[in-house]
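Report on the structure
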Amino acid sequence: MKWDLPRPFEWRVEVAGEQLDGLHHVNNAEYVRWCERAGWAHSVALGLDVSHYQQLDRGMAIRRAEYDYILAAREGDELLFGTWLTMVDGRINLTRRFQVFRLSDGALILRAQWQMVCIELSSGRPRRMPQAFRDTYTPAVVTLPAADPH
């Protein structure tokens with residue numbers, strides 16, 4: 001795979017029939033769900049899961065999401081998601097990127113980017129990241145190349 005950035009967190013999924021739309025390819029909404037699952041798997045691997053979010057009354061919510069659908073995936077395709085944290089400002093903002101490849105031929109299927117904001121779970125209002133978020137997420141940031149088009 002030709003990753004845009006080094007050292008992706010990798011997560012795999014196999015496309016099932018119920019994930020297809022009337023055009024017999026993966027419904028776009030599935031990629032949104034899969035990106036969410038890959039992002040959570042990465043967070044858990046770094047050491048923060050939903051129980052930590054609940055204990056701290058803080059969470060990272062998507063403020064803006066961009067998905068570039070490049071090629072279609074079909075039933076039986078095995079997809080490899082790569083995800084990175086590319087910015088953590090230590091206050092309220094975090095950026096996560098994704099790439100998705102089809103394993104059978106290495107074709108790039110999707111690129112995505114999320115801009116996230118830290119919120120207080122009990123109120124839904126933006127709040128400063130707790131120290132646990134900064135300590136966990138900041139060291140995982142992958143620096144973007146100078147000429148990155150995203």
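Shown above is the structure to which this text applies.
So, a few notes on the structure that sits alongside this text.

Rules used in this analysis
- Residues numbered from 1 in each chain as written.
- Predicted model: local features only at pLDDT ≥ 70, side-chain atom pairs only at ≥ 80, totals over all residues.
- Heavy atoms only, no water.
- Helix = DSSP H or I, 4+ residues; strand = E, 2+ residues; numbered from the N terminus.
- Core = buried A, V, L, I, M, F, W, Y, C linked by side-chain atoms within 4.5 Å.
- Buried < 20%, exposed > 50% of the residue type's maximum accessible area, 1.4 Å probe, protein only.
- 1 Å grid on protein atoms, 1.4 Å probe; cavity = no way out; pocket = protein on both sides within 12 Å on 5 of 7 lines; lining within 4 Å.
- Points joined across faces, edges and corners; volume = space filled by probe spheres on them.
- Contact = heavy atoms within 4.5 Å.

1. So, unusual backbone geometry
Even without being glycine, Arg7 reaches a positive phi, approximately 55 degrees. We note that Asp57 has phi near 55 degrees; this positive angle belongs to a residue other than glycine. Along the polypeptide, Asp57 turns up in the loop between α2 (50–56) and β2 (58–69).

2. Some points on the nonpolar core
In this structure, Tyr31, Trp34, Met60, Leu79, Phe81 and Tyr137 are the most contacted members of the largest nonpolar core, which totals 29 residues. Looking at this core, the elements that each hand over two or more residues are β1 (9–14), α1 (28–46), β2, β3 (78–88), β4 (93–102), β5 (108–120) and α3 (131–137). It is β5 that provides the largest number of residues to this core, a total of six residues. In this structure, Trp3, Trp84, Phe101 and Leu108 belong to the second largest nonpolar core, which totals seven residues.

3. Considering the layout of surface pockets
What the largest pocket holds in volume is close to 210 Å³. Around the largest pocket sit 13 residues that line it, and Trp40, Tyr53, Met60, Trp114 and Met116 are the ones nearest its centre. Broken down by secondary-structure element, the contributors of at least two residues to the lining of the largest pocket are α1, β2, β4 and β5. For the lining of the largest pocket, the element with the most residues is α1, which contributes four residues.

4. Things to note about the environment of Gly59
By the secondary structure assignment, Gly59 is in strand β2. For Gly59, a relative accessible area of 3% gives the class buried. For the pair formed by Gly59 and Ala132, sequence separation is 73 residues and the distance between their alpha carbons is 11 Å. In contact with Gly59, other than residues within four places in its own chain, are Tyr53, Val117, Cys118, Ile119, Leu121 and Phe133.

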